[in-house]
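# Fold and geometry: a report
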Amino acid sequence: MKASCILYHSNIMSIYKERWIKQCIKTIKDQTYQDFDVFELNYGDDNTKLSELYDVGGNKHFYEKIKMNNHAEAMNYLIDKVFLEEKYDICFNINLDDYYDTYRFEKQIESVNEGYELISSEYRFISERGDVDIVGGLAGLSMDTMEGLFNKGITPIAHPCVCYTKDFWVKYGKYNPSEIPMEDKLLWVRSYSKGAKLHILKTPLLYYRLHQKQVSNGI
């Protein structure tokens, strides 16, 4: 299975604390599943190249600097490149202010092999200084329960920990930049209504950082 992870950032060193970025990258580098490549896109005004500053792990590193208007455009560009140009099978989304369990890639690949098209997980909230706070997430949901939540406007998919498959991206479409900051939630709702096979792992694989400079105020 050809796997990739995506790093996208804009003026990141002036937005996030460097120790957050280092902690996130360390959890990528230390993944138990190591057969993946890294795609990095700088869509801001600075010249930061994370794969030069740090050892980000992975086998190959691809870097581009292209000015874009927002993170949704950046995600669409990178995921299109991964799946449609480079022909990868799966793609792990990475949020550089958060960090991950080192079993994340391994466990999500197991779910892909079980037939799921998009996989996330339960998560834990952490404070700006790094304290693990309250439990988050809605793991182990039946499809009926998930449908009920979607019908109520509640989306249990944790975007920072999403593993996409090529099938999901080709069949269910892209993010809509005009829907920011709800672009991820609305994509999940649309894809679910069309029959996408979504899955939330019971294991908390994401540590989701709460801070004032988040793109949105929640998952």
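Let us look at the structure shown here. Predicted model only: the values in this text are computed from it and were never measured.

### Points about the overall build of the protein chain
Of the regular secondary structure elements, the protein chain holds 7 helices and 9 strands. The buried share of the protein chain, taken over its 219 residues, is 52%. Accessible surface for the protein chain amounts to roughly 9900 Å². Of this, 47% is attributable to carbon and sulfur atoms.

### Points about helix α1 (residues 18-29)
Helix length check: α1 (12 residues) gives 16 Å between terminal C-alpha atoms against 16 Å at 1.5 Å per residue, within 8%. Of all the residues in α1, the buried ones are W20, I21, C24, I25, T27 and I28. An end-on view of α1 places all buried positions within 155° of arc, on one side of the element. On its buried face, α1 sits against β1 (3-9), β2 (36-42), α2 (50-53), β5 (99-100) and β9 (198-209).

### Points about the pattern of salt bridges
Going through the model one piece at a time under the given rule, you end up with 10 salt bridges. The closest approach of N and O atoms between K49 and E52, which form a salt bridge, is 3.7 Å. Across the pair E64 and K81 runs a salt bridge whose closest N-O atoms are separated by 3.7 Å. One end of the pair, E64, is in strand β3 (residues 61-65); the other, K81, is in helix α3 (residues 71-85), with 17 residues separating them in the sequence. Owing to a relative accessible area of 14%, K81 belongs among the buried residues under this scheme. Via salt bridges that share partners, E64, K81 and E85 belong to a single interconnected network.

Parameters and conventions
- Residues numbered from 1 in each chain as written.
- Predicted model: local features only at pLDDT ≥ 70, side-chain atom pairs only at ≥ 80, totals over all residues.
- Heavy atoms only, no water.
- Helix = DSSP H or I, 4+ residues; strand = E, 2+ residues; numbered from the N terminus.
- Buried < 20%, exposed > 50% of the residue type's maximum accessible area, 1.4 Å probe, protein only.
- Areas by Shrake-Rupley, 256 points an atom, 1.4 Å probe, with all protein chains shown as cover.
- Expected span 1.5 Å × (residues − 1).
- Arc of directions from axis to C-beta.
- Contact = heavy atoms within 4.5 Å.
- Salt bridge = Lys/Arg side-chain N within 4 Å of Asp/Glu carboxyl O.

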